[in-house]
Amino acid sequence: MIPAHASPGPLAVSPRAAPAHAAMAELLESRPFGSQYTNVYLSIFALFCFKLFVKISLNILTHFYVVKGNRKEAARIAFEFYDFGQGHRSWADRSPLHEAACQGRLLALKTLLSQGYSANAITIDLVTPLHEACLGDHVACARALIEAGANVNATTIDGVTPLFNACSAGSVTCTEVLLEHGAKPQPEICQPSPLHEASNKGRAACVEALIAWGADVDHDIPHLGTPLYIACLSQELQCTEKLLENGANVQKGRFLETPLHAASQKDSTEIIKVLLEFGANINARNLELKRPVETAPPSSLAESMLLLHEATPCSLSQLCRLNIRNYVGRSRLHFIPQLKLPTLLKRFLQYR
Ligand SMILES: *[C@@H]1O[C@H](CO)[C@@H](O)[C@H](O)[C@H]1NC(C)=O
């Protein structure tokens, strides 16, 4: 419960105390070596104890407020005294159920639920225990909460859903459990998108699960662009592949900025290679009317790769594959394995 603070305080005292100490050492020469140090260490220890005492009393005070049901006051105290900073929520605002879910303590969680704690308990920021469980990749806790009636679509004041948290943490199982229990794969407009989050953090398995449950691969958020664009910008090769294999539009990025522009800027040759295989247009121009090759760092690998591609056109088999996939259409791409074609061809069509 007591936040771990770095405490340079007491230790920083000793250098300053040293000169006085030297004088004292002469006076106390007769005493056995080491005993003259005890006073300093004693005061350091006393200071430490005092600090500990203050912290413990503050904790008890905030706890008292929680027990009394005044969570807002407790949150205020915790905020003022601890000031976690960096976007940390104050623990005092959360119910014991939040705490158990956050730490993945299944037994404690089940006990609390059986004692009548609501699975949909919320903090001031509308964070539910399910949010916590998903962020910590605690599948068993998430399941228990859902079984106890937790809302899978719960949104915080920032628009974050448990699904978003699961994708952010890269928890595939939590992602799947949520989707199986009716969580909506696609957020409302202007809310944080799980697919973008998963693409940004390279959670390829989560990307796959989201798409399988109906998330739009080309979901375009004005200030972010498409998931594919985000994946290229974050240089996440696996996510780039997953999105493209599932029919993401290789040209759609942010405004006129294409995924190939993003990959060129980042000098990600592997991603450029994949994008080109999926038919990315090397002549697309961005807002500054620049082609991808012109956005690559000068004399980089990406630049030479794109220049080489200009000189050597796509092979006929590549062009055929692109055309067939276009003809099949994004919504039917998953039927390719069922086509009556040789396995080799089916694998080729699926970029396997
Ligand atoms: C979650 O939201 C979606 C879309 O609004 C809805 O279809 C689904 O039934 C909701 N799930 C639950 C469990 O409320």
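As the structure is a computational prediction, the values presented were derived from the model and not from experiment.

**Description of the overall build of the protein**
- A count of helices and strands for the protein gives 19 helices and zero strands.
- Contacts in the protein between residues far apart in sequence, at least 24 positions, make up 64% of those at least 6 positions apart.

**Let's talk about the site of the ligand**
- Within the structure, the ligand sits among Val152, Asn153, Gly182 and Lys184.
- Of the residues belonging to the shell around the ligand, the class tally is one nonpolar, two polar and one charged.

**With respect to the packing of helix α10 (residues 194-201) against helix α11 (residues 204-212)**
- At a minimum axis separation of 8 Å, α10 and α11 run at an interaxial angle of 155 degrees. The orientation of α10 with respect to α11, classified from their angle, is roughly antiparallel. Helix-helix and strand crossings are classified by hand; for α10 and α11 the assignment is left-handed. Contact residues: Pro194, Leu195, Ala198 and Ser199 in α10; Cys206, Val207 and Leu210 in α11.
- Classifying every residue of the contact of α10 with α11 gives six nonpolar, one polar and no charged.

**Thoughts on helix α8 (residues 162-169)**
- Of all eight residues in α8, six are buried, a share of seventy percent or more.
- Regarding α8, the residues found buried are Pro162, Leu163, Phe164, Asn165, Ala166 and Cys167.
- Buried-residue contacts for α8 involve α6 (129-135), α9 (172-180), α10 and α11.
- The positive-phi residue at the C-terminal boundary of α8 is Gly170, with phi of around 75 degrees.

**A few points about the packing of α11 against helix α13 (residues 237-245)**
- Between α11 and α13, whose axes approach to 9 Å, the crossing angle comes to 20 degrees. As summarised for this structure, α11 and α13 are arranged roughly parallel, according to the angle between their axes. Remark: the crossing between α11 and α13 carries right-handed chirality. Contacts between α11 and α13 involve Ala204, Val207 and Glu208 from the former and Gln238, Cys239, Lys242 and Leu243 from the latter.
- Looking at the contact of α11 with α13 residue by residue, the class counts come to four nonpolar, one polar and two charged.

**Overview of α10**
- For α10, a buried count of six out of eight residues is recorded, marking the element as mostly surrounded by other parts of the structure.
- Turning to α10, its buried residues number three or more, namely Pro194, Leu195, His196, Glu197, Ala198 and Ser199.
- As for α10, its buried residues are in contact with α8, α11, α12 (227-233) and α13.
- Phi turns positive, to about 75 degrees, at Gly202, one or two residues after α10.

**As for the nonpolar core**
- The biggest cluster of nonpolar side chains holds 65 residues, and the ones touching the most others in it are Ala142, Leu145, Val207 and Leu275.
- When residues of this core are sorted by domain, at least three fall in each of domain 2 (94-216) and domain 3 (224-326).
- For Leu275, the residues in contact, after removing those within four places along its chain, are Val250, Pro259, Leu260, Ala263 and Ala280.

**Notes on the confidence of the model for the protein**
- Predicted confidence across the protein gives a mean pLDDT of 85, with 81% of residues reaching 70 or more.
- Long-range and interchain partners of residues 1-20, a stretch whose pLDDT sits below 50, account for 11 contacts in this model, where long-range means more than four residues apart.

**Focus: unusual backbone geometry**
- Non-glycine residue Cys190 carries a positive phi angle of around 70 degrees.
- Here Cys190 is to be found in the loop between α9 and α10.
- On the neighbour-count criterion, Cys190 (10 C-beta atoms within 10 Å) is exposed.

**Side note on the environment of Ile282**
- With respect to the secondary-structure elements, Ile282 resides in the loop between α15 (269-277) and α16 (292-295).
- Note on Ile282: 17 C-beta atoms within 10 Å, which makes it partly exposed.
- In sequence terms Ile282 and Leu260 are 22 residues apart; their C-alpha atoms lie 7.6 Å from each other.
- Ile282 has contacts with Leu260, Arg291, Pro292, Val293, Leu306, His309 and Glu310, leaving out every residue within four places of it along the chain.

Procedures and definitions
- Here the residue index of a chain counts from 1 through its sequence in written order.
- For this predicted model, a pLDDT threshold of at least 70 governs which residues receive local features, and a threshold of 80 or more governs which side-chain atom pairs are given and counted, while totals over whole chains, interfaces and linings are taken from all residues.
- In this text, helices come from DSSP runs of H or I with a minimum length of four residues, and strands from runs of E with a minimum of two, each type numbered from the N-terminal end.
- Residues are treated as contacting if the C-beta atoms built from their backbones sit within 7 Å of each other.
- Think of it this way: take the backbone, place a C-beta atom on it, and check whether that atom is within 6 Å of the molecule or strand, in which case the residue is near it.
- The residue classification treats Ala, Val, Leu, Ile, Met, Phe, Trp, Tyr, Cys and Pro as nonpolar and Asp, Glu, Lys and Arg as charged. All others, Gly included, are polar.
- Every axis corresponds to a line fitted to the C-alpha atoms, with the helix fit spanning only the stretch in contact, and the corresponding angles, defined between N-to-C directions, vary from 0 to 180 degrees.
- Under this scheme an angle from 65 to 115 degrees is roughly perpendicular, one under 35 degrees roughly parallel, and one over 145 degrees roughly antiparallel; angles in between are oblique.
- Should the near helix be turned anticlockwise from the far one by less than a right angle, the crossing is left-handed, and should it be turned clockwise, the crossing is right-handed.
- Three exposure classes are used, all based on how many other C-beta atoms lie within 10 Å of a residue's own C-beta (placed from the backbone): buried at 20 or more, exposed at 12 or fewer, and partly exposed between those limits.
- We define a nonpolar core as a collection of buried residues of the types Ala, Val, Leu, Ile, Met, Phe, Trp, Tyr and Cys that are connected via C-beta atoms lying within 7 Å of each other.
- A domain assignment, automatic or from a database, supplies the domain bounds used here.
- On a scale of 0 to 100, pLDDT captures the predictor's confidence in every residue.

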